[in-house]
Structure formats: C-alpha cells, structure tokens
Amino acid sequence: MDIRGKKVLVFGSGISGEGSCRLLLEKGAEVVLYDGNEKLCADEIEAKILETKKENGQFSIVLGTFPEEIIEELSFVVMSPGVPTDLPIVEKMREKSIPIWGEIELAYVFGKGDVLAITGTNGKTTTNNLANHIFEGKDYDIVSNLNGSNMITGVTSSFIQNHQSHYDWGIFEVDEGSMPNVTRYLPSDYIIITNFFRDQLDRYGEVENTIKLVQKSSKRHNSTLILDADSPISLYFQDSNQPKVYYSLKKNPFSKNGINVEESVFCPVCGNKLDYEYINYGNHGKFSCSKCGAKNHEADYVIDDVTFKNGSYNFTVKDKKESAQINLNLLGIYNVSNALAAIALARENGFSYDVIKYQIENFEYKRGRMERIAVNGCDVVLVLSKNPVGLSEVFSTIKFDEDKKSFMFILNDYGPDSKDISWIWDAYFKEISNTPNIDKFYCVGTRAEEVALRLKYVDFPTSKIEIYHSKDQSDVTECVEEIVAENDKAYIIGTFTAMPEARKVLMKLKGEKA
C-alpha cells in the first residue's frame, strides 16, 4: 500500500501512537498527531517521535480542540486503543466515509509476516517465550510481547514499538478476554490454545464464557488451531472446519489417578461427567465419556518417557516422522506441555529437531515463572500463581523437592490479581501438608490472613506460619529479606502485582537491576 504524500491522522499521543507516527513517516505519509490534552508539550512529543531516524514524510502536532477543517483532507485515521470510538468527531469522520484503522491493523499491513496468537488461562507467557526462543534459532525477525502485556493495548504497543519494515513472525500472547479485539485487527495464521480454567471470576465469570469468546474469535480468519489433545476443552473446537494440530503428554511419573481441583470435568459434547485413566495436571489427561463416547483426539505430536533430575525434565518428543530427546530446565510438568505446544508450532513450520533441541536446552527464563535466583547463599524460586489449578500444580511440583526449604505466598487483591480471592479455597493446599522438610510458611500480601487461615484448614502446623500483612503491593521488602537470610532454599509464590515487587527486592539484594 503506497501512502506517500497522503495525509493521515493519528488519534492519541501515547507510546503506541508515537510508534504509529514513526511508521507512517517512514512510509512517506503526511502525519498529523492529535491529542485532546492541551497541557501536553508538543516539542517533547515531537522530539521522541523524530529522535531515532530521519523521517521521509511531513509531521505536525495538534493539541486541544480538534481542527475539523482537516477532515476532508484525510486519507485515513489511526486510532489508539485508549481513545473512545464514539466521540462526536469520530462519528463525523465515519459520516465522511474516512477509513478508521486500529494500530495493530496499521502495523500488520506494512510489515506482513506470519502471526501466532497464544491464549488460554495458564502458560501463555512461558509458551510465548519458548516459541520466540525456538524461532530465534533461524535468525527470524520477530515482533512479540515478551513482557507479558497481553491485553489489546499491550499487544498494540508491542507491535508498534517493535515494528520493522518487515517481520518474519509476530508471536503474541493474548489475554483470553482480549481475543475478540485482537483477532479483529490482527489476523492470526496460528492460534495456540493452552488450557481453560476458572481465573479472575470478577473479570470473566465462569470458564464457559471464556471458551465461547475464544471459540468465536478463532474462526474469524480460519486460523490453524494448535490444541492440547489432553484437554476436554479441545472438544469444543472439534466441529470447526479450521485446520487443527494436536499435541499430547502421555502418562508419566507425575501423572495422578484423581483430580485435585474438580472443574471442567464434564463432557463438552453431552454434559456427562468424564472418566479419567490418569491426570497430568488440572483436567488434562486421558479421558473418555461413557455416555456419548467422546475421548482424546489422536495427537500429531507426543511427549513420552518423561524423567526428572536436578530440576530438569528429560523427555522424548515424537511425531509421525521423527523423534528427539530434549531436556527442559523449567519446573512444573505443565511446562513440559507448554514446551510441546511451541515444538508443534516449530515442526509445522519446517524446524528440524536439532534446532528445536538446541534452543530449548539453552532457554533461560527470567520473568517470574519458575525463575531461579541465587541470592546471598539462598536458592530462590519465583512462581506466579493466579488460579486454583495453577497454584495446585505448583504445590504438586514442589512436593517432590526433599530439601529443607521455606515457602512464601504473597496474595494481593488488586485489579490485575482479581479482587475475589475465594479461589484459594479451591486450590489443593493439602499438598503442602504432604510436602517434606518445610521450615516456615510466610503468609504475605494485602490478604495475608486468608492464606494463613487456608493453611490451618489443612492442619498445617501453626508454629511454622509467619504472617506479614502488606499495606500495599510494594510492602514486601522485610519478609523477602528475611526468607533469604534464614534459608538455603525458598519458594516465593505470588499473584500478578506481587511478583514484580518480590523480584525487585531479590535483585536489589544481588546488587542488580530488576
């Protein structure tokens, strides 16, 4: 699309709006940046937009009252996600039949590569980082949101800020609730669906609502679906005409005979309760329905022969042509499943197992998802947890650690965490009582007392419970410093707002930036 010399309005001067201006100028457009906040400094905005390169197009900034006389001159408008689309001036643009684009649409049109969206309740960020790392093995130009900003504004900002004149892959994790908006403007060639569990009920309601959102969104562009055959949720997508790729984790030493957190265990086809031969995590495992006959779909990619040693999983991955042995240095059997989703994507796009194996075995995660940090003689593992299944699986994983250790669970109730913290009562805390060699359990956060109460209900020794009530999300310094000073090994588990703060303290103790 040639936009040289055409006048384009960018509506909104935030970070992504500035990125849109740079891209449009690079393509030779005459760009007008508008923001209704007249108190902003036009010179500062212009300096940020023009600092990185000599632009080809013309550029001007308008603050405050919108100059309606320029509407007739516009070729199209680029709207930032935070700008309401029902403003009177926007309605006037529509009346004049002026095309109104989203920022994602802009970046997509001018840098088209293949696009992957990763969605689901748990595992999005890990799968995103693994997929990025694997694809870097072929020196691809990749646009992504590796920092975990997965709502519409986060995806948009990542796309615009990291824009190149061409990209080979756009790899994005997408919040389940944001899938309708993201897929509207960003056609995805592939969609990985990790799992669906109850999560932040005050945002989404029950899990069926979330599934329907994603189900409808995934059909918009006939994307290829990469589905976990171990999940009953995959049955919701079986009648779609879209191309599908299935992956499966076979029975392993960490598989269980029963379900710890009983949710989404009813057949999506007929509503009958499912029978399980084994469970790998949550409701993922080998299932069947005695009423309608529904069962796991045959998998295209399979992981078998899983062993665990020195904090790493070794496994064999197989497809219909080849197999490979791979070592994954990430705790949690669910992360083996996340790795398999990324492997399936890579194999579908022509990657050899040699490249996949090398990239996975040299993958180091530093974003609070089972991240290891050595601090002053203490080996600390940071773990994000935000829903019953996720927390139960964390406990189940740590149960296999026989070293002496202490726990910390930081439970906050801010918007990103979910104000409704009743989910901790559905998590399987009984695993903590069965975990050997626990020295102390630190209950921390704005809802620290609820964590302590939950522990008492599973008969955890009260003599080992320490309560630190946080007055706000940053009030964790004292307890994090204490757990490091008094232990050789510690697990710090926390909700969304808790993990960055705990990590800041740890990195400060190491003398490094967070």
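Everything discussed here concerns the structure shown above.
Residues numbered from 1 in each chain as written. Predicted model: local features only at pLDDT ≥ 70, side-chain atom pairs only at ≥ 80, totals over all residues. Heavy atoms only, no water.

Enquirer: For this particular structure, what's the right way to read the packing of aromatic side chains?
Expert: The geometry of two aromatic rings is summed up by the distance between their centres and the angle between their planes. The full count for this structure, using the stated rule, is 23 aromatic pairs. When the ring of F407 is compared with that of F441, the centres are 5.6 Å apart and the planes differ by 10°; the resulting orientation is stacked. Remark: F441 occurs in strand β20 (residues 438-445) and F407 occurs in strand β19 (residues 405-410); sequence separation between them is 34 residues. Where F441 meets F460, the ring centres are 5.9 Å apart and the plane angle is 75°; that geometry is what we call edge-to-face. Taken together, the residues F441 in strand β20 and F460 in the loop between α14 (448-456) and β21 (465-469) connect sequence positions 19 residues apart. Of the aromatic side chains, those joined through ring pairs into one cluster are F135, Y140, W169, Y190 and F351. A cation over a ring is seen here: K138 above F351, with NZ or CZ 4.5 Å from the ring centre. (Phe/Tyr/Trp six-rings, centres within 6.5 Å; stacked < 30°, edge-to-face > 60°. Helix = DSSP H or I, 4+ residues; strand = E, 2+ residues; numbered from the N terminus. Lys NZ or Arg CZ within 6 Å of the ring centre and 35° of its normal.)

Enquirer: Where do I start with the sheet that holds strand β8 (residues 169-173) in this structure?
Expert: Whenever strands of a sheet pair, they do so through backbone hydrogen bonds, lying parallel or antiparallel. The strand order across the open sheet formed by nine strands is β7-β8-β6-β9-β10-β11-β14-β15-β16, and the pairing between neighbours is mixed. The open sheet terminates on both sides in strands that have one partner only, identified here as β7 (142-144) and β16 (323-328). In this sheet, adjacent strand axes meet at a mean angle of 20° when their direction is disregarded. Along the sheet, helix α10 (residues 333-348) contacts β6 (114-119), β8, β9 (190-193), β10 (224-228), β11 (244-249), β14 (301-309), β15 (312-318) and β16; its crossing angle with β11, the most-contacted strand, is approximately 145°. (Pairing = 2+ DSSP bridges. Axes fitted to C-alpha atoms, helices over the stretch in contact; angles between N-to-C directions. Contact = heavy atoms within 4.5 Å.)

Enquirer: Explanation requested: the pattern of salt bridges in the structure shown.
Expert: Two side chains bearing opposite charge may form a pair once their charged atoms approach each other closely. Taken as a whole, this structure holds 24 salt bridges when the rule is applied. Between R347 and E322 there is a salt bridge, with the nearest N and O atoms lying 3.2 Å from each other. Taken together, the residues span a long stretch of sequence, with R347 in helix α10 and E322 in the loop between β15 and β16 at a distance of 25 residues. Judged by relative accessible area, which is 43%, E322 ranks as partly exposed. Two residues, K489 and D403, come together in a salt bridge whose shortest N-O distance is 3.2 Å. On the criterion of sequence distance, the pair formed by K489 in strand β22 (residues 489-494) and D403 in the loop between α12 (388-398) and β19 is long-range, its members being 86 residues apart. The network of salt bridges with common partners includes K440, E466, E482 and E486. (Salt bridge = Lys/Arg side-chain N within 4 Å of Asp/Glu carboxyl O. Buried < 20%, exposed > 50% of the residue type's maximum accessible area, 1.4 Å probe, protein only.)

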